[in-house]
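Chain residues, written in single-letter form:
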Amino acid sequence: MNIQWYPGHMTKAKRMMQENIKLIDIVIELLDARVPFSSRNPDIDSLANNKFRLILLNKCDLADNRVNEKWENYFKERGIMVVTINARDGQGMKVITAKIQEACKEKIERDRRRGIINRPIRAMIVGIPNVGKSTFINTYAKKACTRVGNKPGVTKGKQWIRINKNVELLDTPGILWPKFEDETVGEHLAFIGSINDEILQKVELACNLITFLKKDYPGTLAARYQVEEGQDAAGILEMIAEKRGCLMKGNEYNQEKAAGILLEEFRNGRLGRISIEQPL
């Protein structure tokens with residue numbers, strides 16, 4: 001399954017980010033803790049060249065905690081500042097301002113030598129669609145600054161938000177990149193809901209997720225849906241359809257509806273804490 005999605009508004013959003021990068025001191029990139037590799041936009045590296053950087057592994061409550069620690073070590077070993085957070089309930093959020101100041105300490109010292117004191121650090125928030133940028137900003141600012149939605153494409157334009165006397169944030173729309181060179185990247189982004197569901201083959205996607213879960217998290221499907229994991233992915237999906245009453249006329253199983261249920265419950269953490277990717 002070769003998934004590609006790059007709607008026209010993302011080109012416009014990328015251009016806006018390029019135009020505003022000169023105003024920015026630090027680029028804060030949110031990644032999905034379940035898929036840190038696939039949710040890292042390679043275009044951000046060229047966009048943020050010569051800027052201070054901070055990576056936030058968001059939705060850590062949905063990911064395997066042991067794997068979260070591995071990803072933290074992976075980035076730290078490469079000299080990249082990283083914080084693991086759950087923006088929805090505030091986990092890890094208390095250290096964000098200190099981490100931003102730590103990352104920008106050279107700029108703060110440079111300003112101080114010039115007699116510039118207490119100028120707020122300007123940060124650009126970047127990330128793929130549905131990674132939780134708006135939730136992060138609202139939690140960080142302790143007020144509703146941005147619209148929040150559990151689907152890609154909620155944030156449409158740029159928005160400046162004053163967090164406190166030390167930090168100002170520039171919110172940006174979620175953007176992908178024009179082509180996924182590795183097919184698994186598109187699939188993993190589809191698993192977590194960062195691709196428009198309307199373009200996906202949900203049954204095939206759900207079967208691929210079932211195959212992954214059987215191998216890496218055995219027992220998960222059996223516990224959630226009371227199904228026998230010994231059969232193939234299509235058979236398990238059919239059993240999920242039966243257990244959840246997904247029937248069409250003639251009592252045929254509605255695999256499309258069952259696939260939607262499985263994907264939604266994975267995305268919302270109802271299958272447990274699951275990491276799709278581990279550092280190499």
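Everything that follows concerns the structure shown earlier in this document.
The rules behind these values
Residues numbered from 1 in each chain as written. Predicted model: local features only at pLDDT ≥ 70, side-chain atom pairs only at ≥ 80, totals over all residues. Heavy atoms only, no water. Helix = DSSP H or I, 4+ residues; strand = E, 2+ residues; numbered from the N terminus. Rg over C-alpha atoms; globule rule 2.2 N^0.38 Å. Buried < 20%, exposed > 50% of the residue type's maximum accessible area, 1.4 Å probe, protein only. Contact = heavy atoms within 4.5 Å. Lys, Arg positive; Asp, Glu negative; His and termini not counted. Charge placed at Lys NZ, Arg CZ, Asp CG, Glu CD. Polar contact = N/O pair within 3.5 Å; in protein donor to acceptor, adjacent residues only side chain to side chain. Phe/Tyr/Trp six-rings, centres within 6.5 Å; stacked < 30°, edge-to-face > 60°. Core = buried A, V, L, I, M, F, W, Y, C linked by side-chain atoms within 4.5 Å. Salt bridge = Lys/Arg side-chain N within 4 Å of Asp/Glu carboxyl O. Pairing = 2+ DSSP bridges. Expected span 1.5 Å × (residues − 1). Axes fitted to C-alpha atoms, helices over the stretch in contact; angles between N-to-C directions. Patch = residues over 30% accessible without salt bridge, like charges linked within 9 Å, V, L, I, M, F, W, Y side chains within 5 Å. Areas by Shrake-Rupley, 256 points an atom, 1.4 Å probe, with all protein chains shown as cover.

Peer 1: What should I look at first to understand the overall build of the protein chain in this one?
Peer 2: When you go through the protein chain residue by residue, the secondary structure sums to 11 helices and 6 strands. In terms of C-alpha radius of gyration, the protein chain reaches 20 Å, essentially the compact-globule figure of 19 Å for 280 residues. Its C-alpha atoms put the protein chain at 75 × 40 × 35 Å along the principal axes. Residue burial in the protein chain is summarised as follows: out of 280 residues, 51% are buried. Pairs at least 24 apart in sequence give 67% of the contacts found in the protein chain among residues at least 6 apart. The centroid of the 45 positive side-chain charges in the protein chain is displaced by 10 Å from the centroid of its 36 negative side-chain charges.

Peer 1: For this particular structure, what's the right way to read the environment of D216?
Peer 2: Residue position: D216 is located in helix α8 (residues 202-216). Residues D216 and I276, 60 residues apart in the sequence, show an inter-C-alpha distance of 8.7 Å. A polar side-chain atom of D216 sits 3.4 Å from a polar atom in the side chain of K215.

Peer 1: In this structure, what is going on with the packing of aromatic side chains? I would like to understand it.
Peer 2: Each pair of aromatic rings is reported with the distance of its centres and the angle of its planes. Here the structure, examined in full by the defined rule, presents 6 aromatic pairs. Summarising the aromatic geometry, the rings of W177 and F180 are spaced 5.0 Å apart at their centres and angled 75 degrees between planes, so their arrangement reads as edge-to-face. Across the pair, F180 and W177 agree in class, each one buried. Ring geometry for F212 and Y217: centres 6.1 Å apart, planes at 50 degrees, overall tilted.

Peer 1: I would appreciate a short explanation of the nonpolar core in the present structure.
Peer 2: One broad trend across soluble globular proteins is that nonpolar side chains are buried collectively. Counting 81 residues, the largest nonpolar core has I28, F136 and L169 as its most contacted members. For this core, the element with the most residues is α8, which contributes 7 residues. The residues contacting L169, other than those within four sequence positions of it, are I28, A123, I125, F136, I137, Y140, Q159, W160, I161 and I163.

Peer 1: How should the pattern of salt bridges be read in this particular structure?
Peer 2: Where side chains of opposite charge bring their charged atoms close, a pairing between them can arise. Taken as a whole and judged by the stated rule, the model has 17 salt bridges. For the salt bridge of K215 with D216, the shortest nitrogen-to-oxygen distance reads 3.4 Å. Residue K215 is classed as exposed on the basis of its relative accessible area, which comes to 67%. By relative accessible area, which is 35% here, D216 ends up partly exposed. Salt bridges linked by common partners bring E29, R40, D45 and R53 together as one network.

Peer 1: What am I meant to see in the side chain of T172 here?
Peer 2: Mapped onto the fold, T172 is located in the loop between β6 (167-171) and α7 (183-192). A relative accessible area of 0% places T172 in the buried class. Within polar-contact distance, the side chain of T172 engages the backbone oxygen of I125 at 2.5 Å.

Peer 1: What am I meant to see in the pairing of strand β4 (residues 121-126) here?
Peer 2: When a strand is regular, its side chains alternate between the sheet's two faces. In terms of burial, β4 is largely enclosed, as 5 of its 6 residues are buried. Note: strand β1 (residues 26-32) against β4, 4 bridges, orientation parallel. Across the sheet, the residue bridging to E29 is V126, located in β4. Looking at chain direction, β4 and β6 are connected through 5 bridges and run parallel. Across the sheet, residue A123 finds its bridge partner in β6, namely L169.

Peer 1: Sorry, what's going on with α8 here?
Peer 2: An α-helix turns once per 3.6 residues; consequently, residues spaced three or four apart project the same way. For α8, spanning 15 residues, the distance from its first C-alpha to its last is 21 Å, which sits close to the expected 21 Å at 1.5 Å a residue. For α8, the set of buried residues is L205, A206, C207, L209, I210, F212 and L213. Buried residues along α8 sit in contact with α7, α9 (220-225), α10 (233-243) and α11 (255-267).

Peer 1: What exactly am I supposed to notice about the sheet that holds strand β2 (residues 52-58) here?
Peer 2: Within a beta sheet, neighbouring strands are joined by backbone hydrogen bonds and run either parallel or antiparallel to one another. The strand order β3-β2-β1-β4-β6-β5 describes an open sheet built from 6 strands, whose pairing is mixed. Looking at the sheet topology across the chains shown, the edges are occupied by β3 (82-84) and β5 (159-162). Neighbour to neighbour, the strand axes of the sheet diverge by 25 degrees on average, direction disregarded.

Peer 1: Looking at this structure, how should I read a positive patch on the surface?
Peer 2: A contiguous patch of positive charge, built from R110, R113, R114 and R119, is present on the exposed surface. On the basis of relative accessible area, R110 is assigned to the partly exposed category, the value being 33%.

Peer 1: How do you make sense of the side chain of R267 when you look at a structure like this?
Peer 2: Note on placement: R267 falls in helix α11. In this structure, R267 is in contact with R34, L62, A190, F191, I192, G193 and D197, ignoring residues within four places of it in sequence.

The analysis is restricted to geometry; functional conclusions fall outside its scope.
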